[in-house]
Amino acid sequence: MQEEQQNFSRESSSLVVDIAVVGAGAAGFFAAITAKQMQPQARVSLFERGNHPLKKVGLTGGGRCNLTNSFAAVTDLKQVYPRGHQFLRRLFKSFNHEDAIAWFQKAGVPLVTQADHCVFPQSQDAQTIVKTLMKEAECMGVELHYRHTFTGLSPMDDGHLSLAFREAKPVICRQTIITTGGSPTQKGLEPFLKMQHQIEEPVPSLFTFALNEPALTQLMGAVIPHVRLSIPATKLCSAGILLITHWGMSGPATLKLSSYAARFLHERHYHCPISINWTGKTNQQKVAEDLLHQQRLHPQKQMSTTKVFELPTRVWHYLLQRSTLNPDTRWCDLGKKALHKLVEVLTNDGYLVEGKGTFKEEFVTCGGVSLQSIYANTLESKVIPGLYFAGEILDVDGITGGFNLQAAWTTGYVAGKSAASTFGRESEH
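Residues numbered from 1 in each chain as written. Predicted model: local features only at pLDDT ≥ 70, side-chain atom pairs only at ≥ 80, totals over all residues. Heavy atoms only, no water.

Looking at an unreviewed UniProt entry, one finds the protein chain named Flavoprotein, HI0933 family and attributed to Segatella oulorum. What UniProt states about the protein chain under its Cofactor (unreviewed entry) heading is, verbatim, "FAD". (UniProt positions renumbered as here; feature names shortened; annotations may be inferred.)

So this is what it looks like as structure tokens:
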């Protein structure tokens, strides 16, 4: 009788659910839908801090939602996941990009794969993905609760977990999946630090570079298709499209390097040398041969009038001047010393990064709950049974191109499946 009275008291002062998912982003929705799908009889509730679930999903890919990648150009996950690639390699056996594509197509979303291997909804509208996830959750019977700001959790004597929310009553559940996203500072991860989880310091990833080079930034808007960026005296490098901006550099090549070098740059307060290979070719001799070929083809032409290495005309003029060559110089007047200087500028042009900008479409952090604190196969906490993590709160992050959302789908699926399996076993006893 006393136990029944305690249960009644607990249920009247708290919301009691079976599986609670904290954070209504990509990983959170996928975890909740997966858990409910596997255990239809379970009460699965999704708790959102504000009033706009999936807000970040609606912003990704410039509002088009680059939801995954074909991975056709990926030979090693380390290329696209600077942190967590070995961890994801294992999880991809449970749910990978092909599974994600099949899932959304089954949900009625036609998809298109671009030449750069990025996968988008055919509608080119991120709201298609947002509405699909919302609809799937609703149809499955997942409960969505707004204005629930998570502040912490604690294990109960009976094995349940008690979740605390600011200005909302506590929630008691059997399993909890935390998908609250990346935190720009360690303060946002304090609840998990207090629970004795190992935390990797969060630092920004995916950002642009600020340069104090007026002659270069005057070329803002210029797009160079094949560039290699590197940080001298390190193995940190990237390749791809470079965009010149009014503050410095952006584009895929820049964002990739910012991801690879996230901790390196943070430790140096975003001040370090950077080298630009404007041709994308790693062999200087081959670059020299290409220039000599132009010389043989157009000996009497002015160098400025010739298209080389797919460089925009004004960028080519800038690089000629940076090589101390007059753009009006004829190819036949290009001597060996000037050729050497031009090759050096084209393949190893040095600048100084003097700060970082932001990548407004997609805020990503490097760091979070350490992978050492969770079981790799289930994403369950090694510290608190029944607690799972998924999404960007984990120390897993990728470069641009749909890889971060794929990590959200994968970890959300595995956490949801694991929580549902545990609930199923408990229900049998």
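A. Representation of the pattern of salt bridges within the structure. This structure, assessed with the given rule, holds 10 salt bridges. The salt bridge involving D76 is made with R89; its shortest N-O contact spans 3.2 Å. Of the two residues, D76 is situated in the loop between strand 4 (68–69) and helix 4 (85–91) and R89 in helix 4; the sequence distance between them amounts to 13 residues. Residue D76 is classed as partly exposed on the basis of its relative accessible area of 32%. Residues D333 and R330 are paired through a salt bridge, measuring 3.2 Å at the closest nitrogen-oxygen approach. With a relative accessible area of 33%, R330 lands in the partly exposed category. (Salt bridge = Lys/Arg side-chain N within 4 Å of Asp/Glu carboxyl O. Helix = DSSP H or I, 4+ residues; strand = E, 2+ residues; numbered from the N terminus. Buried < 20%, exposed > 50% of the residue type's maximum accessible area, 1.4 Å probe, protein only.)

B. Region of the structure containing the packing of helix 2 (residues 26–38) against helix 6 (residues 126–140). Here helix 2 crosses helix 6 at 30°, and the two axes come no closer than 10 Å. Overall, the two elements helix 2 and helix 6 adopt an arrangement that is roughly parallel. Along this stretch, helix 2 crosses helix 6, giving a crossing that reads as left-handed. Of the residues in helix 6, those touching helix 2 at F29, F30, I33, K36 and Q37 are L133, M134, E136, A137 and M140. (Axes fitted to C-alpha atoms, helices over the stretch in contact; angles between N-to-C directions. Parallel < 35°, antiparallel > 145°, perpendicular 65-115°, else oblique. Left-handed = near helix turned anticlockwise from the far one by under 90°. Contact = heavy atoms within 4.5 Å.)

C. Main features of the sheet that holds strand 5 (residues 111–113). Read across the sheet, three strands follow the order 4-6-5 without closing on themselves; strand pairing throughout is antiparallel. On the outer flanks of this sheet lie strand 4 and strand 5, each paired with one strand and no other. Where strand 5 and strand 6 (residues 118–121) come together, three bridges link them in antiparallel fashion. Directly across from L111, in strand 6, lies its bridge partner P121. (Pairing = 2+ DSSP bridges.)

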